[in-house]
Amino acid sequence: MTSSRLLIIFALAFIAQSCSDQSNQRNSYVLTTGSTGGTFYPVGVALSTLVTSAESADFSITAISSAGSMENIKLLRDDQAQFALVLSIFAAWAWDGIGPIKNPQPHIRSISAMWPNVEHFVISSDLVSTGTLTDLNNVNGGRYVLGMRNSGAEHTGIYILESLKINYLEKFSLAYMGYGASAGALQDGNIVGMNVPAGAPVTAITQAYAQLGEEMTVLDFSEQELEAVNQRFPLWSSYEMPPGTYPYQEKTIKTASSPNVLIVREDVSEEVVYNLTKLLWDNLATLQEIHSATKEMVLQRALTGVTVPLHPGALRYYTEQGLTIPSHLIE
């Protein structure tokens, strides 16, 4: 993270502290995010700080780190968190009670699509033959990290590999780590690859590239692989990372992305969700200064990839903005 972004975060934190007497009287909510080496956490902290420092807000939000989407769904279910950042496919799974989420979660509602969640399937370059996900078959028993146990990275990684008929249980010796630890293990030679879905550029990939350069490869998605992944849930789109997205990256990486979404418990008041939605979009430029992944967020795509009905507060905001609301997002 650049010094200018850190200055913005510290400035916002100072403003939030100066408003502490007022915030103590506010209703407090928890926003659960992801691991500290990904994108959910820094953006979640920035969003919570924006809310807390806003004089117009009569509520505050605390961002916490977590194992990611799967844990976040559970935290919302148990009312240990009221807001969450999750991968779009997890929202779909949770609403219907399918995939790794066995029971429907009727208490969740959507607020907005956020930035694209970019797939980073990484392997040691000496295992690369085609440069696409097919090369994961070359792991041949090496230690590979799909994510932390029960994390969004693990479950979406499994979903993608199963869609491509890659037998990860046979091909991989699975290890379970967060993004930062995975990057360190790859640098040390303790693993041969890692799965890091996150908004680009993601810190863990930047760190690994800085140390390994051409010794590591982020695999491309072929058109056929992208089509196979989208057979059941058409949420992924092709995504290109131009040279220079990461240190020593000289070629365009042609991967895939799906939306991240901000969701909320249905019992949070309409006024709170309306004000949060407004704060999010009114202060987008500030978020974009803090993390470049959010530079791809635009109001016109706020509902792209959103599968769960909107919370009434978010629905009111988007209606005021003149957005066309798909019927499946209106209860």
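Above this note sits the structure.
Read on for a plain summary of the structure. Here the residue index of a chain counts from 1 through its sequence in written order. In view of the model being predicted, local features appear only for residues whose pLDDT reaches at least 70, and side-chain atom pairs are presented and counted only at 80 or more, with totals across whole chains, interfaces and linings using the full set of residues. Here the side-chain values reflect all heavy atoms present in the structure, with hydrogen atoms and water set aside.

Once that is clear, we can look at the side chain of His 155. Numbering of helices and strands runs from the N terminus; a helix is a DSSP stretch of H or I covering at least four residues, while a strand is a stretch of E covering at least two. Position of His 155 among the secondary structure elements: in helix α6 (residues 152-163). Given a relative accessible area of 16%, His 155 falls into the buried group. Contact between two residues is taken to exist if any of their heavy atoms lie within 4.5 Å; hydrogens are not considered. Setting aside residues up to four positions removed in sequence, His 155 forms contacts with Met 70, Phe 90, Trp 93, Pro 100 and Asn 150. Residue exposure (1.4 Å probe, protein chains only): buried if accessible area is under 20% of the type maximum, exposed if over 50%, otherwise partly exposed.

Two rings from Phe, Tyr or Trp (for Trp, the six-membered ring) form a pair when their centres are within 6.5 Å of each other. A pair whose planes differ by under 30 degrees is stacked, one over 60 is edge-to-face, and the rest are tilted. If you walk through the whole model with that rule in mind, you get 13 aromatic pairs. With 5.0 Å between their ring centres and 70° between their planes, Phe 90 and Trp 93 make a pair best called edge-to-face. Here the residue Phe 90 and the residue Trp 93 both occupy positions in helix α5 (residues 88-96), the gap between them amounting to 3 residues, near one helical turn. On the basis of an interplanar angle of 25° and a centroid distance of 4.6 Å, the ring pair of Tyr 144 and Phe 172 is categorised as stacked. Of the two residues, Tyr 144 is situated in strand β6 (residues 143-145) and Phe 172 in the loop between α7 (168-171) and β7 (173-175); the sequence distance between them amounts to 28 residues. For Tyr 144, a relative accessible area of 0% gives the class buried. One aromatic cluster in this structure is built from Phe 90, Trp 93, Tyr 159, Phe 233 and Trp 236. Cation over ring: Arg 316 sits above Tyr 274, and NZ or CZ is 4.0 Å from the ring centre. A positively charged side chain is recorded as over a ring if its NZ (Lys) or CZ (Arg) lies within 6 Å of the ring centre. The angle to the ring normal must also be within 35 degrees.

When DSSP locates at least two bridges between a pair of strands, those strands are taken to pair. The 5 strands are arranged β7-β6-β8-β5-β9 in an open sheet whose pairing can be described as mixed. Whereas interior strands pair on both sides, the edge strands pair on one side only; in this sheet they are β7 and β9 (216-218). Across this sheet, the average inter-strand angle for adjacent strands is 25°, counted without regard to direction. Inter-axis angles, ranging from 0 to 180 degrees, are taken between N-to-C directions of lines fitted to C-alpha atoms, where helices are fitted over the stretch in contact. Sheet strands in contact with helix α9 (residues 203-212) are β5 (121-124), β8 (193-195) and β9, and its direction is about 145° off that of β9.

Here we come to α9. Listing the buried residues of α9 in full gives Ala 204, Ile 205, Ala 208, Tyr 209 and Leu 212. In an axial view of α9, the angular spread of the buried residues amounts to 130°, which keeps them on one side of the axis. Looking at the buried residues of α9, the elements they touch are β5, α8 (179-188), β8, β9 and β11 (253-265). Gly 213 occupies a position one or two residues after α9 and carries a positive phi of about 55°. It is the directions from the helix axis to the C-beta atoms whose arc is reported.

A word on the packing of α5 against α6. In contact at an axis separation of 10 Å, α5 and α6 are set at 85° when each is read in the N-to-C sense. When the interaxial angle is binned, α5 and α6 end up roughly perpendicular. Here Ile 89, Phe 90 and Trp 93 of α5 come into contact with α6, specifically with Gly 152, His 155, Thr 156 and Tyr 159. Here the residues of the contact of α5 with α6 are counted per class, giving 4 nonpolar, 3 polar and no charged. Orientation labels follow simple angle bins: below 35 degrees gives roughly parallel, above 145 gives roughly antiparallel, 65 to 115 gives roughly perpendicular, and whatever is left gives oblique. Three classes are used, and their members are as follows: Ala, Val, Leu, Ile, Met, Phe, Trp, Tyr, Cys and Pro are nonpolar, Asp, Glu, Lys and Arg are charged, and the others, Gly among them, are polar.

All right, on to unusual backbone geometry then. Across the junction of Ala 200 and Pro 201, the peptide omega takes the value -5°, indicating a cis bond. Structurally, Pro 201 is set in the loop between β8 and α9. Positive phi, normally seen in glycine, also occurs at Asn 140, with a value near 45°. In this fold, Asn 140 is placed in the loop between β5 and β6. A positive phi angle is found at Tyr 248, which is not glycine, with a value near 65°. Looking at the element boundaries, Tyr 248 is found in the loop between β10 (237-241) and β11. With a relative accessible area of 57%, Tyr 248 lands in the exposed category.

These figures come from the coordinates and say nothing about function on their own.
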